[in-house]
Structures are given as structure tokens and as C-alpha cells.
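Chain residues, written in single-letter form:
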Amino acid sequence: GSNTFDFQDLGKIISIAKKNKILTAIDNTWGTPYFLKPIKLGFDMAIVSATKYYSGHSDVMGGSLAVNKKVFKQIQKTDKVCGMRMSPDDAYLITRGLRTLDVRLDRHRENAKKVSEFLSKYKNFKLLYPYKKDSVNFRMWKKYYSGASGLMGLRIKAKSKNSVVKFVNSLKLFGYGYSWGGFESLALYQDVREQGKRNFLKLAKNEHLVRLHIGLEDPNDLIADLKQALKHLK
Ligand SMILES: Cc1ncc(COP(=O)(O)O)c(C=O)c1O
């Protein structure tokens, strides 16, 4: 999901599962409860990785599991048996991060929209991010989410793979890291994501996938950085 950005019909999934007495869980790390409220929607469980927007500074290990009444007892039992506990330091940093979650996500969303508008001017790019009506999967995103965060996919048409790697490596303000959701922008060339049966995007030979996380920096600086790095694309 965090590469292909195919938003699924959540309501349909819930209704099929309910009919067949199947419990449902969703990974709500990208949207966070600020943009999507899964339990209200009818999911039994919602998982969020707190290493990302909850803490917001990429310096924490942790996660959260919200559940409805139906599964609470079952989860409580499993929790007791597994004995997984968070360290006080991590709990402190996550609680502190949560206090600014809305402010940060508003800025991630604004910055990501500005960067998307800039990137959409390039004909050899296809953005996998719901920033305007004709974006990929916009309709399904709009049906359930009240906002979009800072992570996006960028499908790039380029003959030379090396030039795409060079584009990513020439970015000065974007770090190179896997875990997103912090204050900083990140860029990652994603070839290992599309191997074997995990070939969701069915990229052609001259197509490449780059994942961008748009951080809290000045969007004009990010756009200027992308502009200079894009000169390497061939
Ligand atoms: C959508 C999503 N959920 C959950 C995770 C898990 O993150 P962590 O292992 O830091 O908890 C990731 C990691 O990149 C992710 O992209």
C-alpha cells in the first residue's frame, strides 16, 4: 500500500467480512486517526505504527492497537500472554508527539500538495497520491479519508535506471531512509518492491518507482531541490 497507493473500498471489505463472520483490521499508519477513523467505520481493529507520524521524529519504537468492544477481551488475553510492553522513554516521546499530530499532518498535507503540483508538470511522471480529482485512486480515497499525509509514490518513465538512482541520490534535502512519518523528507528507489508475485504496479521496463516522503521543510526549498536533481533523469 505505501508504494502503490491503491485505496480499497473499506466499507465493502467490512460488510463482506461481517457477513462471513470475519474479524477486520486495518493499518492506519498513513492516514492516522486524524484523517481516518476505522473503528467508527466498522473495523474491529486499527493498527498504527507509532514510529511514524505519532512520534514524528523517527526516534521511537512502538505502535498502537485500537479495538472495539467485540474483540477487546480476546486482545486483552493475547496481550497478557505475549507480555509486550513499551519502554517508558518511547511512551513519553509518543505521547509528546501526539500533541502536535494535527499541526504536523496539516503541514505534511500542504507540502505534499505543493510538491505534487510541481511534479505533475512532468509528463514522464505519474503520481500515486490523491491530491486532485484525476489522481490515481482519488475517488476511493475521498470516499473514506478527510486528508492525505506526506507519503507518495512516483512512477517515472526513464530509459536509464541509473539516471533515476542518480536523481534520488542527488537530492540534498531528502534523506535516504525506509521508515517515514518524521519531520524530514525522504526519497527511496523502490526496485525490490516489485519482484516476483509482489508485482502490483506491473512496471514496464522503462518505468521506475520512487517513494517520496514529504516532510515539514519549506516546500519551496523541497521543490528547488527536486528541480536540480531532476536534471539527472534520462
Ligand atoms: C504503512 C506502514 N505501516 C506500518 C509500518 C511498520 O512500521 P514499524 O515497523 O516501524 O512499526 C510501515 C513501515 O514502513 C508502513 O509503511
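Each remark here, short or long, concerns the structure printed above.
These remarks concern the structure in this document. (Residues numbered from 1 in each chain as written. Predicted model: local features only at pLDDT ≥ 70, side-chain atom pairs only at ≥ 80, totals over all residues. Heavy atoms only, no water.)

**Regarding unusual backbone geometry**
Peptide bonds are mostly trans, and most non-glycine residues show a negative phi. Positioned with a positive phi, Lys 21 is a non-glycine residue whose angle comes to about 55°. Within the secondary structure layout, Lys 21 lies in the loop between α1 (10-19) and β1 (25-27). Here the phi dihedral of Lys 202 falls at roughly 50°; this positive angle occurs in a residue that is not glycine. Mapped onto the elements, Lys 202 comes out in the loop between β6 (186-189) and β7 (207-213). Residue Lys 202 is classed as exposed on the basis of its relative accessible area, which comes to 61%. (Helix = DSSP H or I, 4+ residues; strand = E, 2+ residues; numbered from the N terminus. Buried < 20%, exposed > 50% of the residue type's maximum accessible area, 1.4 Å probe, protein only.)

**A few points about the site of the ligand**
Near the ligand you find Ser 2, Asp 27, Thr 29, Ser 49, Thr 51, Lys 52, Tyr 178 and Trp 180, and these make up its full shell. Within the contact set of the ligand, an oxygen atom lies 2.8 Å away from a side-chain nitrogen or oxygen of Thr 51. Lys 52 places a side-chain nitrogen or oxygen 2.7 Å from an oxygen atom of the ligand. If the ligand stood free it would expose 400 Å²; the protein chains cover 61% of that surface. Looking at the shell around the ligand residue by residue, the classes come out as two nonpolar, four polar and two charged. (Near = heavy atom within 4 Å. Polar contact = N/O pair within 3.5 Å; in protein donor to acceptor, adjacent residues only side chain to side chain. Areas by Shrake-Rupley, 256 points an atom, 1.4 Å probe, with all protein chains shown as cover. Nonpolar A, V, L, I, M, F, W, Y, C, P; charged D, E, K, R; others polar.)

**Here we look at the sheet that holds strand β3 (residues 63-67)**
The strand order across the open sheet formed by three strands is β1-β2-β3, and the pairing between neighbours is mixed. The sheet is open, and its two edges are formed by β1 and β3, each paired on a single side. Between one strand and the next, the sheet's axes are offset by a mean angle of 15°, whatever the strand orientation. As judged from the five bridges shared by strand β2 (residues 45-49) and β3, these two strands associate in the antiparallel manner. Looking across to β3, one finds that Ser 49 is bridged to Gly 63. (Pairing = 2+ DSSP bridges. Axes fitted to C-alpha atoms, helices over the stretch in contact; angles between N-to-C directions.)

**Some thoughts on helix α4 (residues 69-82)**
Spanning 14 residues, α4 covers 20 Å between terminal C-alpha atoms, matching the ideal 20 Å at 1.5 Å per step. Taken from the residues just after α4, Gly 83 is the one with a positive phi, measuring 65°. (Expected span 1.5 Å × (residues − 1).)

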